[in-house]
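As a plain string of letters, each chain reads:
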Amino acid sequence: MRAAARGVPGGGEPPGGRSAAIARRLDGLMAREAAAHGGRPPAYRELADRINTMAGRDVISRDTIRNLHLGLNQKGQASNPTVETLDWLGRGFGIKAGASYFLDDARAAVVDEQLDQLAALGGLRQALGNDGVVSLVQRASALSDGSLRVLLALAENLREVEAHASDRNTGQADGG
């Protein structure tokens, strides 16, 4: 069904439509990558170079990625990428589902859950490399469920206190 037939003035896409969903999903993928790599998301050019290298040819430009991230093309209209473009964009983030990740809400939910699980496993691997964490896990394994809940709450409170202290120290170092 065409947008004009749905009663959208100018024949455009309704607000929050497909281009907005693509932009949100791309933003989420970039945020995940930033979290995994020191807080810096990939630059559009970096991402385009990565994808084009994978494809063995030029399939996407930094401008196309920027437009998809913004949800708008150069004329200020909703972006309208090809399925091939979205397929390669997904692959650039390691998503085999490619275009369906950007176009299918159910598929995106499944992939996002898998990405969350991978991130959790990465955190677990990092934690298990720390002797103090391993020792704590060994000792905690003998605790009751109630004591484990208290220990988890304490650990979360300590993490928040340390994060707050770190934020305060960073602000002071920046002249704040």
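The structure displayed is predicted, hence computed values, not measured ones. (Residues numbered from 1 in each chain as written. Predicted model: local features only at pLDDT ≥ 70, side-chain atom pairs only at ≥ 80, totals over all residues. Heavy atoms only, no water.)

## Let's talk about the overall build of the chain
Turning to step 1, where the next piece is worked out: Across its full length, the chain holds eight helices and zero strands.
Turning to step 2, where the next piece is worked out: When the helices and strands of the chain are read in sequence order from the N terminus, they spell out α-α-α-α-α-α-α-α.
Turning to step 3, where the next piece is worked out: Buried positions account for 26% of the 176 residues belonging to the chain.
Turning to step 4, where the next piece is worked out: By sequence separation, contacts in the chain at least 24 residues apart represent 45% of the contacts at least 6 residues apart.
Turning to step 5, where the next piece is worked out: Carbon and sulfur atoms make up 54% of the accessible area of the chain, which amounts to about 11800 Å² in all. (Helix = DSSP H or I, 4+ residues; strand = E, 2+ residues; numbered from the N terminus. Buried < 20%, exposed > 50% of the residue type's maximum accessible area, 1.4 Å probe, protein only. Contact = heavy atoms within 4.5 Å. Areas by Shrake-Rupley, 256 points an atom, 1.4 Å probe, with all protein chains shown as cover.)

## Digging into the nonpolar core
Turning to step 1, where the next piece is worked out: Leu26, Ile51, Ile65, Leu89, Phe93, Ile95 and Phe102 are the most contacted members of the largest nonpolar core, which has 24 residues in total.
Turning to step 2, where the next piece is worked out: Contributing elements (two or more residues each) for this core: α1 (18-36), α2 (44-55), α3 (62-70), α4 (83-92), α5 (99-103) and α6 (105-128).
Turning to step 3, where the next piece is worked out: Sequence-distant contacts of Leu26, that is, excluding residues within four places in its chain, are made with Ile65, Leu68, His69, Leu89, Phe93 and Phe102. (Core = buried A, V, L, I, M, F, W, Y, C linked by side-chain atoms within 4.5 Å.)

## Topic: the side chain of Asn67
Turning to step 1, where the next piece is worked out: With respect to the element layout, Asn67 can be found in helix α3.
Turning to step 2, where the next piece is worked out: Classification of Asn67 as buried rests on a relative accessible area of 9%.
Turning to step 3, where the next piece is worked out: Leaving out residues up to four positions away in the same chain, Asn67 has contacts with Leu72, Asn73, Gln74 and Ser79.

## A word on the packing of α1 against α6
Turning to step 1, where the next piece is worked out: Two numbers describe how α1 lies on α6: the axes approach to 12 Å, and their chain directions differ by 5 degrees. As summarised for this structure, α1 and α6 are arranged roughly parallel, according to the angle between their axes. Contact with α1, carried on its side by Arg25, Leu29 and Arg32, involves Asp105, Ala108, Asp112, Leu115 and Asp116 of α6 and no other residues of that element.
Turning to step 2, where the next piece is worked out: Of the residues contributing to the contact of α1 with α6, the split by class is three nonpolar, no polar and five charged. (Axes fitted to C-alpha atoms, helices over the stretch in contact; angles between N-to-C directions. Parallel < 35°, antiparallel > 145°, perpendicular 65-115°, else oblique. Nonpolar A, V, L, I, M, F, W, Y, C, P; charged D, E, K, R; others polar.)

## Things to note about the pattern of salt bridges
Turning to step 1, where the next piece is worked out: For the coordinates displayed, the defined rule picks out 10 salt bridges.
Turning to step 2, where the next piece is worked out: Here Arg32 makes a salt bridge to Asp116, at a shortest N to O gap of 2.8 Å. One end of the pair, Arg32, is in helix α1; the other, Asp116, is in helix α6, and 84 residues separate them in sequence.
Turning to step 3, where the next piece is worked out: One network of salt bridges, with partners in common, ties together Arg32, Asp112 and Asp116. (Salt bridge = Lys/Arg side-chain N within 4 Å of Asp/Glu carboxyl O.)

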